[in-house]
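Residue-level structural notes
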Amino acid sequence: MRLSSLLALLRPALPLILGLSLGCSLSLLRVSWIQGEGEDPCVEAVGEPGVPHNPDSRTGLDQSDEDFKPRIVPYYRDPNKPYKKVLRTRYIQTELGSRERLLVAVLTSRATLSTLAVAVNRTVAHHFPRLLYFTGQRGARTPAGMQVVSHGDERPAWLMSETLRHLHTHFGADYDWFFIMQDDTYVQAPRLAALAGHLSINQDLYLGRAEEFIGAGEQARYCHGGFGYLLSRSLLLRLRPHLDGCRGDILSARPDEWLGRCLIDSLGIGCVSQHQGQQYRSFELAKNRDPEKEGSSAFLSAFAVHPVSEGTLMYRLHKRFSALELERAYSEIEQLQAQIQNLTVLTPEGEGLTSSSFPLSHGLWAFLGCLQSG
């Protein structure tokens, strides 16, 4: 009775056991067969027993190996010298020396930290690798999900100087581009990221909406802070030693003008609006202007819109530009579908293929429709 129950339990595993047994048996037979037909290379090198060995009859050995003598070098560590542990970086990106593309710094204040700065964070934070907020307020209360750096002094020149110093000290080796903006600016994040991706990093570049200083020449221009501006990493490294001197010598009520004068006086570099075929486009929003009714080419192609007086206007601008991006996606899908339809004549099915043959397109259409309705 017990034997029959045991066989019933082992019956599902019998094919596996038989297969393993057969495989092991065949492997042993093959090994013994190979060893039986082959000759031992050691016997060939040494020769038959009782037969004097001729060193000139060696085969398979290079004559140059006669002078080679292996030398074993033992490990020795001087006990008088301190042991230095080799540290490896946590990420391969750090060891290879590669950097992130863009860091965004937002200048805010005590009055707008909980309103406009929060609106900026909700509209563009998910598009950038890192988004920092700088304020002169001491002990500022940080809203949830935001990284705020408090300098403790609200003077414009001091705030800008300490912001640049902080960026250089903590992120100068990690990012290629630094975009500085105010919290009353709406930024079209995908376009800005694409712009930074098309610019060469090996240059000193100060890119934004160029404005002339009052009473200065045409070459002396600064980038308007309300529309944001890009600073290259190489320019930030060159500017760092001059920050203390500029803060003591240059008087200005606006941080963007102070930075522009510091760059011109210390490095001779002014703001430009175009570089390497890339144009920095901005739009000045009129007071009480409805973003839904704005349809000019300058507005539709803008990287930044300024001024934004309240958080609700920031959200309306974001809704408007999101709708524009959605329309552009619809247009690209229609063009791709037209190209596919034109290529169907080359397929074996011929022109019998229709749009129903591409379920992925329908799924994408449904997804975009949900975005639009939301």
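The name given to the protein in an unreviewed UniProt entry is Hexosyltransferase, with Panthera tigris altaica as the source organism. Looking at the Sequence similarities (unreviewed entry) heading of the UniProt record, one finds this comment for the protein: "Belongs to the chondroitin N-acetylgalactosaminyltransferase family." UniProt lists a comment for the protein under the heading Subcellular location (unreviewed entry), and it reads "Golgi apparatus, Golgi stack membrane".

**Section: the packing of aromatic side chains**
By the definition in use, this model includes eight aromatic pairs. Both rings, one in Y186 and one in F321, keep their centres 5.5 Å apart while their planes meet at 25 degrees; by these two values the pair is stacked. Placement of the pair is Y186 in strand 5 (residues 186–187) and F321 in helix 12 (residues 311–343), with a sequence separation of 135 residues. For the residue pair Y186 and F321, the accessibility class agrees, reading buried in each case. Ring geometry for F213 and Y222: centres 4.9 Å apart, planes at 40 degrees, overall tilted. Relative accessible area serves as the criterion here: at 4%, Y222 is assigned to the buried category. One aromatic cluster in this structure is built from Y186, F283, F299 and F321. The aromatic ring of F227 is capped on one face by R209, whose charged end is 4.2 Å from the ring centroid.

**Brief notes about the pattern of salt bridges**
If you walk through the whole model with that rule in mind, you get 18 salt bridges. Across the pair E162 and R165 runs a salt bridge, and its minimum N-O distance is 3.5 Å. A residue pair is termed a helical-turn pair when its members lie 3 or 4 positions apart in one helix, as E162 and R165 do in helix 6 (residues 156–171) at three residues. By the burial criterion, E162 is buried, and R165 matches it. Connected via shared salt-bridge partners are E162, R165, D244 and R247.

**Remarks on the sheet that holds strand 12 (residues 282–284)**
If you trace the three strands from one edge of the open sheet to the other, you get 5-13-12, paired in mixed fashion. Only two strands of the sheet have a single partner each, and these edge strands are strand 5 and strand 12.

**Some remarks on helix 6**
Over its 16 residues, helix 6 runs 22 Å from end to end, which matches the ideal 22 Å to within 8%, given 1.5 Å per residue. A157, L159, M160, S161, E162, T163, L164, R165, H166, L167 and F171 are the residues of helix 6 that are buried.

**Overview of the packing of helix 5 (residues 116–124) against helix 12**
Packing of helix 5 against helix 12 leaves a shortest axis separation of 8 Å and a crossing angle of 20 degrees. By the angle between their axes, helix 5 is roughly parallel relative to helix 12. The two elements helix 5 and helix 12 meet at a crossing, and its hand is right-handed. Contacts from L116, V118, A119, V120, R122 and T123 in helix 5 reach G311, M314, Y315 and H318 in helix 12. A class-by-class count of the residues in the contact of helix 5 with helix 12 yields six nonpolar, three polar and one charged.

Basis of the calculations
- Residues numbered from 1 in each chain as written.
- Predicted model: local features only at pLDDT ≥ 70, side-chain atom pairs only at ≥ 80, totals over all residues.
- Heavy atoms only, no water.
- UniProt positions renumbered as here; feature names shortened; annotations may be inferred.
- Phe/Tyr/Trp six-rings, centres within 6.5 Å; stacked < 30°, edge-to-face > 60°.
- Helix = DSSP H or I, 4+ residues; strand = E, 2+ residues; numbered from the N terminus.
- Buried < 20%, exposed > 50% of the residue type's maximum accessible area, 1.4 Å probe, protein only.
- Lys NZ or Arg CZ within 6 Å of the ring centre and 35° of its normal.
- Salt bridge = Lys/Arg side-chain N within 4 Å of Asp/Glu carboxyl O.
- Pairing = 2+ DSSP bridges.
- Expected span 1.5 Å × (residues − 1).
- Axes fitted to C-alpha atoms, helices over the stretch in contact; angles between N-to-C directions.
- Parallel < 35°, antiparallel > 145°, perpendicular 65-115°, else oblique.
- Left-handed = near helix turned anticlockwise from the far one by under 90°.
- Contact = heavy atoms within 4.5 Å.
- Nonpolar A, V, L, I, M, F, W, Y, C, P; charged D, E, K, R; others polar.

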